[in-house]
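Coordinate inspection notes
As a plain string of letters, each chain reads:
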Amino acid sequence: MEKFVIEGGRKLSGEIRVSGSKNATLPILAATLLTDGICEIRNVPKLRDTWTMCKLLRSLGKTVDLSGNKVRVSGSANNHIADYKLVSTMRGSFCVLGPLLGKLGKAKVSMPGGCVIGVRPVDLHMKGIMALGVKADFDAGYVMAHAPQLKGAQMYLGGTFGSSVLATANVMMAASLAQGETVIESAACEPEIEDLGDFLSAMGAKIEGHGTPRIIINGARKLNGTNYKMGADRIEAGTFLIMAAAVKSDILVQDANYNHLLALIDKLHAIGVDVRKAGNNDVRVKVKKTLRPANIATHPHPGFPTDLQAQYMALMAITPGVSIITDRVFPDRFMHIAELNRMGAQIRRDAGSAIVEGVKQLYGAPVMASDLRASAALVIAGLVAKGRTEIHRIYHIDRGYEDLDRKLTGIGAKVFREKE
Ligand code: UD1
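First things first, this report covers the structure right here in the doc. (Residues numbered from 1 in each chain as written. Predicted model: local features only at pLDDT ≥ 70, side-chain atom pairs only at ≥ 80, totals over all residues. Heavy atoms only, no water.)

Things to note about the overall build of the protein chain
Inclusion rule: Secondary structure elements follow DSSP: runs of H or I no shorter than four residues count as helices, runs of E no shorter than two count as strands, and numbering proceeds from the N terminus. Radius of gyration: over C-alpha atoms. The globule rule applied is 2.2 Å multiplied by the number of residues raised to the 0.38 power. Buried, partly exposed and exposed residues are distinguished by accessible area as a fraction of the type maximum, computed with a 1.4 Å probe on protein chains only: under 20%, between the cut-offs, and over 50%, respectively. Any pair of residues with heavy atoms lying within 4.5 Å of one another is described as a contacting pair.
Scanning the protein chain from terminus to terminus reveals 14 helices and 24 strands. For 420 residues, the compact-globule formula gives about 22 Å, and the C-alpha radius of gyration of the protein chain, at 21 Å, lands near that figure. When its C-alpha atoms are laid out on the principal axes, the protein chain stretches across 60 × 45 × 45 Å. When each of the 420 residues of the protein chain is scored for burial, the buried share is 57%. Residue pairs in contact within the protein chain that sit at least 24 positions apart in sequence constitute 72% of those at least 6 positions apart.

Shown next as structure tokens:
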């Protein structure tokens, strides 16, 4: 196991580059199960979650070759069982369900289980695939599903907390090889769904409306291989924007898609951060004045992303005044409060919200990464804190941030990776 050691309190400056999107890469890799053709995908982030998905694809019969940021997937899916060991470590693995049903007409996929960010049900995934004519049941921790012939259908996929990204992805992939037309109402509108729709189109699927709440898919008999370049990771980009605001530095975030981050940027403007487009793909962040606090509530896209809630909380922790942070997507996603408080933050939980009283200074301390985005919040806190912060269990960071220590060192941070 490794830990991050951060010597905080330094001004940072320069350029930091965003990698390809993790959350778009996972369903796109899963979509390669739909074809016997060769898929070459570029700008894939080198991450633990990417390797997990590649391992899962291999276990399902595909040949996967990795070279730098390029992944080449060939061969045919010939096994319909997605094993517990691979699905339980990463919820994203559950999105092999749709393509296995589309390609093989059957799937046995381990239930992803809960995780530290809260209970994560799969009812919307089940509702969606069953609308396509799939017979499905739960048995010994697995979803057992079969449908010799999938049939297109109209369905409503809205849930209690809004739309579901991976349920939308699963239905899109299954419907791409179904007979007839599928209409998904209340589909997730996240940019990762747009990416998946573009990838499926490049494979020959007839799909429109991806990126809106109404997606229409006309099933094809067969899909082909294709080449595709992953777009920027909006959550990594958003993390860097928040980090630049927290360390009050002038930083150019390269390969960031401004339009994917409007809810965050609007909030950063409201608290006094100067954020602007710099050329086609870059965003510059500067802080010239004292920041003010502002409340947020997370929502599905285009609302404020739950995956940036913890990082924003770290910023509010050092912004004098009171702010209220509510997570409407994962109401229990607050494991980072205790760790931020270890560094001197003043945050308390009140039902589905966190009440943050901004302090003047955080202090370095040993802390524990509980999940991927909470770890990013601790890195931001460590960068602004006085003294030395040790972040344990950084395998969470390596699940979703490519070369984070190297990237931060490049803008002047003192971050070291050490063996535990
Ligand atoms: C994806 C992202 C994750 C992000 C989340 C919300 C990937 C690999 N992961 O996860 O980083 O935090 O979107 O933006 O892309 N829900 C149900 N029933 C279901 C499915 C979901 O009630 O069957 C609820 C969830 O509990 C949650 C909400 O819907 O309250 C949104 O979850 P969902 O969009 O499904 O998250 P994921 O797709 O798993």
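Having seen the model, we can carry on.
What about the site of the ligand?
Heads up, the rule is: It suffices for a single heavy atom of a residue to lie within 4 Å of a molecule or strand for the residue to be listed as near it. Throughout this description, a polar contact denotes any pair of N or O atoms lying within 3.5 Å of each other; where both atoms belong to protein, one of them has to be capable of donating a hydrogen while the other can accept it, and for residues adjacent in sequence the pair is counted only when both atoms sit in side chains. The method behind every accessible area is Shrake-Rupley, applied with a 1.4 Å probe, and residues are considered shielded solely by the protein chains displayed. Charged residues are taken to be Asp, Glu, Lys and Arg, nonpolar residues to be Ala, Val, Leu, Ile, Met, Phe, Trp, Tyr, Cys and Pro, and polar residues to be all remaining types, Gly included. For the purposes of this description, domain bounds are those given by an automatic or database domain assignment.
Around the ligand, 19 residues are found, and the nearest of them are Asp123, Leu124, Ser164, Asp307 and Val329. Leu166 is positioned such that a nitrogen or oxygen atom in its backbone is 2.8 Å from an oxygen atom of the ligand. At 2.6 Å from an oxygen atom of the ligand is found a side-chain nitrogen or oxygen belonging to Asp307. About the coverage of the ligand: the protein hides 91% of its 740 Å² of free accessible area. Of all the elements in the fold, those that place two or more residues in the shell around the ligand are α5 (123-131) and α6 (165-175). In the shell around the ligand, the residues fall into nine nonpolar, five polar and five charged. Of the residues that make up the shell around the ligand, three or more belong to each of domain 1 (2-19 + 232-419) and domain 2 (22-229).

Comments concerning the sheet that holds strand β1 (residues 2-7)
Within a sheet, each strand pairs with its neighbour through backbone hydrogen bonds, oriented either parallel or antiparallel. The cut-off we apply is this: At least two bridges found by DSSP between two strands are what make those strands a pair. Axis lines are fitted through C-alpha atoms, for helices just across the contact stretch, and the angle between N-to-C directions can take any value from 0 to 180 degrees.
Ordered by their spatial adjacency, four strands build an open sheet running β22-β23-β1-β24, and the pairing between neighbours is mixed. Looking at strand neighbours, the two that pair on one side only are β22 (366-368) and β24 (414-419), the edges of this open sheet. Adjacent strand axes in the sheet meet at a mean angle of 25 degrees when their direction is disregarded. As judged from the three bridges shared by β22 and strand β23 (residues 388-392), these two strands associate in the parallel manner. Within the sheet, the bridge partner assigned to Pro366 lies in β23 and is Glu390.

Section: the packing of α6 against helix α7 (residues 191-202)
The cut-off we apply is this: Working definition: roughly parallel below 35 degrees, roughly antiparallel above 145 degrees, roughly perpendicular at 65 to 115 degrees, and oblique for all remaining angles.
Contact geometry of α6 with α7 gives a least axis separation of 10 Å together with a crossing angle of 10 degrees. As the angle between them shows, α6 and α7 are arranged roughly parallel. Contacts from Val165, Thr168, Ala169, Met172 and Met173 in α6 reach Ile193, Leu196, Gly197 and Leu200 in α7. Classifying every residue of the contact of α6 with α7 gives seven nonpolar, two polar and no charged.

Let's talk about the side chain of Thr52
You can see Thr52 is positioned in helix α2 (residues 48-59). Here Thr52 falls in the buried class, since its relative accessible area comes to 13%. In this structure Thr52 touches Leu86, Thr89, Met90 and Ser93, once residues within four positions along its chain are discounted.

Examining the nonpolar core
Let me state the cut-off plainly: By nonpolar core is meant a set of buried Ala, Val, Leu, Ile, Met, Phe, Trp, Tyr and Cys residues that side-chain atoms within 4.5 Å join together.
If you look at the biggest cluster of nonpolar residues, it comprises 75 residues, and the most contacted ones within it are Leu241, Tyr312, Leu315, Leu383 and Leu408. For Tyr312, the contacting residues outside a window of four places in its chain are Ile242, Lys267, Ile271, Ala294, Ile296, Phe304 and Ile325. Counting 69 residues, the second largest nonpolar core, distinct from the first, contains Phe94, Leu101, Ala145 and Met172.

Focus: the pairing of strand β7 (residues 106-110)
Taken residue by residue, a regular strand's side chains alternate between the two faces of the sheet. The sheet contact formed by strand β6 (residues 81-82) and β7 spans two bridges and is parallel. Bridge pairing in β7 places Ile81 opposite Lys108. Two strands pair when backbone bridges link them, and β7 and strand β9 (residues 142-146) are joined in this way by five bridges, in the antiparallel orientation. Bridge assignment links Val109 to a residue of β9, and that residue is Val143.

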